[in-house]
Amino acid sequence: MKYISTRGKVAPIGFIDMFLMGLGEDGGLIVPETIPAIAEEQLQAWSGLSFPEVMFNVFSLYTNGEIPDEDLRKLIEDSYAGFTSPDVLPLKKINDELSVMELFHGPTFAFKDVALQFMGNLYAYVAKKRGEVINILGATSGDTGASAISSVRGKEGIQICILHPNGKVSRVQELQMTTVQDDNVLNLSVEGNFDDCQRIIKDLFADVSFKTKYHLRAINSINFVRILAQAVYYFYAYLKLPAEARANGVNVSVPTGNFGNIFSGYLAKKMGVPIKQLVLATNENNILERFIREGVYRPEGFRSTHSPSMDIQIASNFERYLYYFLGEDSAEVTARMDRFKAEGQLTFTEEEVARIQRDLSAYSVSNEECLETIRKYKEEHGYLLDPHSACGVAAYERAGNKSDGVFVSLATAHPAKFDEAIKLIGIEQEFPERISELFDKPQRQVDVDNSEAAVAALLVDFYRVDG
Ligand SMILES: *Cc1c(COP(=O)(O)O)cnc(C)c1O
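Here is what the cut-offs are and how they apply
Residues numbered from 1 in each chain as written. Predicted model: local features only at pLDDT ≥ 70, side-chain atom pairs only at ≥ 80, totals over all residues. Heavy atoms only, no water. Phe/Tyr/Trp six-rings, centres within 6.5 Å; stacked < 30°, edge-to-face > 60°. Helix = DSSP H or I, 4+ residues; strand = E, 2+ residues; numbered from the N terminus. Buried < 20%, exposed > 50% of the residue type's maximum accessible area, 1.4 Å probe, protein only. Lys NZ or Arg CZ within 6 Å of the ring centre and 35° of its normal. Pairing = 2+ DSSP bridges.

Engineer: Any chance you could break down the packing of aromatic side chains for me, citing the residues and the numbers?
Structural biologist: This structure, assessed with the given rule, holds 32 aromatic pairs. When the ring of F291 is compared with that of F318, the centres are 4.9 Å apart and the planes differ by 85 degrees; the resulting orientation is edge-to-face. Of this pair, F291 sits in helix α13 (residues 287-294) while F318 is found in helix α14 (residues 318-325), placing the two residues 27 residues apart along the sequence. Judged by its relative accessible area of 1%, F318 falls in the buried class. The structure contains a cluster of three or more aromatic residues connected by ring pairs, namely F259, F263, Y266, F291, Y297, F318, Y321, Y323, Y324, F325, F340 and F348. Over the ring of Y238 we find R246, and its NZ or CZ is 5.1 Å from the ring centre. Directly above the ring of F325 sits R355, whose terminal nitrogen or CZ lies 4.2 Å from the centroid.

This is how it looks when you write it as structure tokens:
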């Protein structure tokens, strides 16, 4: 198995090199040369396996033997040992039609932990095995930063710096990042918004001499390892359903912003998970819904919503979908992305829209509908959804065609993480201890101006450059 770029200008590379490269050096996204298919019989034989076992089976198809089986098993086991549910990702039945898969039992209470706990351990493994210097740089609107920091804190050979917009992440998200006292963690609180943070790190990654000298590594969902780790829970969700419920396949509703969560589902389907409808749920930042419904991919004004982790205009994984949609034609992908850059939008023909709609259906959920869904499920089912998970459930309710069979809706965060929204509808919740104890801990962060130079100056002192 080798990995290539959606733009076709990266020579095929192996699994670990792909992991370290992150974004393709030609500006494209990294994808596997071919997607391995799992036969129906084999898939059924995985029923009853634990999440780590399913993950091992899936990853073995992609790692090329670059990580010996024994090491891979241990990496995976260590990554999920800190999840508080015995199932790691429990599937909760709401009614005969709908189950919710809870992806938030990791250390930072959001689904980012599913991929990032593993990636943190994999970075530490590569640092040790290859003597690589690993300096992680990321920007966050809250969840990714907390999760990435938790995954590498105190690990030998790794330094991590995360930029967050000052005062614009939820209180719990800020505490999860800034109460970590390990010396290999640097939190920068930027005087600006999330887009400013994102722009600063993009500029630093684009500065090739800086990137090379400081061995900058990425943790966002441009990294294919993150996409692949997320694909595993689509297998697991399917396998956890009772055999008679899944006999006709399964439908999945997916809260997404960057197209990362949903692309993982698309990949799982291509590998052989019998997913019928893949329902894409967005909040009021609905570029992806407009793309699927109308065939126009065009960013519009940014809106603040109750589900801030999905407040995204440019979906970085969109290009991966485009690549498969265009029959793996990297010249055509390059042409369309160039056009997008020049014109600020992409439009698709009627025939193309019909094909897109065979892959995906989409619903955007208003702020009001999000809160109403939380209220309704609490009242009717005694189940408390967080605002991101509520977008998924609201999209399921509107997805129509329930005669297709059972639905799984992905729950991406614990409600305690987004108490600001839950409070608005008068629901009082009890915080898990691991969240309430954060409020008493001292915080550690550095305030920094909204400028690349100011950030770079701090990084030069913080990062290590020798092996
Ligand atoms: C990041 C995040 C999402 C969306 O994930 P994408 O990678 O943008 O698809 C949804 N819910 C929560 C809670 C998140 O943190």
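Additional details are given in the paragraphs that follow.
Engineer: Residue-level account of the pairing of strand β4 (residues 98-102), with values.
Structural biologist: When a strand is regular, its side chains alternate between the sheet's two faces. Here β4 lies mainly inside the structure; five of its five residues are buried. Where burial is concerned, the two faces of β4 agree: the one with L98, V100 and E102 and the one with S99 and M101 are both buried. Sheet analysis places strand β3 (residues 91-93) next to β4, joined by three bridges and oriented antiparallel. Within β4, the position partnered with K93 by the bridge is S99. Taking the residues that link successive antiparallel strands as the turn, the β3-β4 hairpin has four residues. Bridging between β4 and strand β14 (residues 407-411) involves five bridges; their strand directions are parallel. Looking across to β14, one finds that E102 is bridged to A411.

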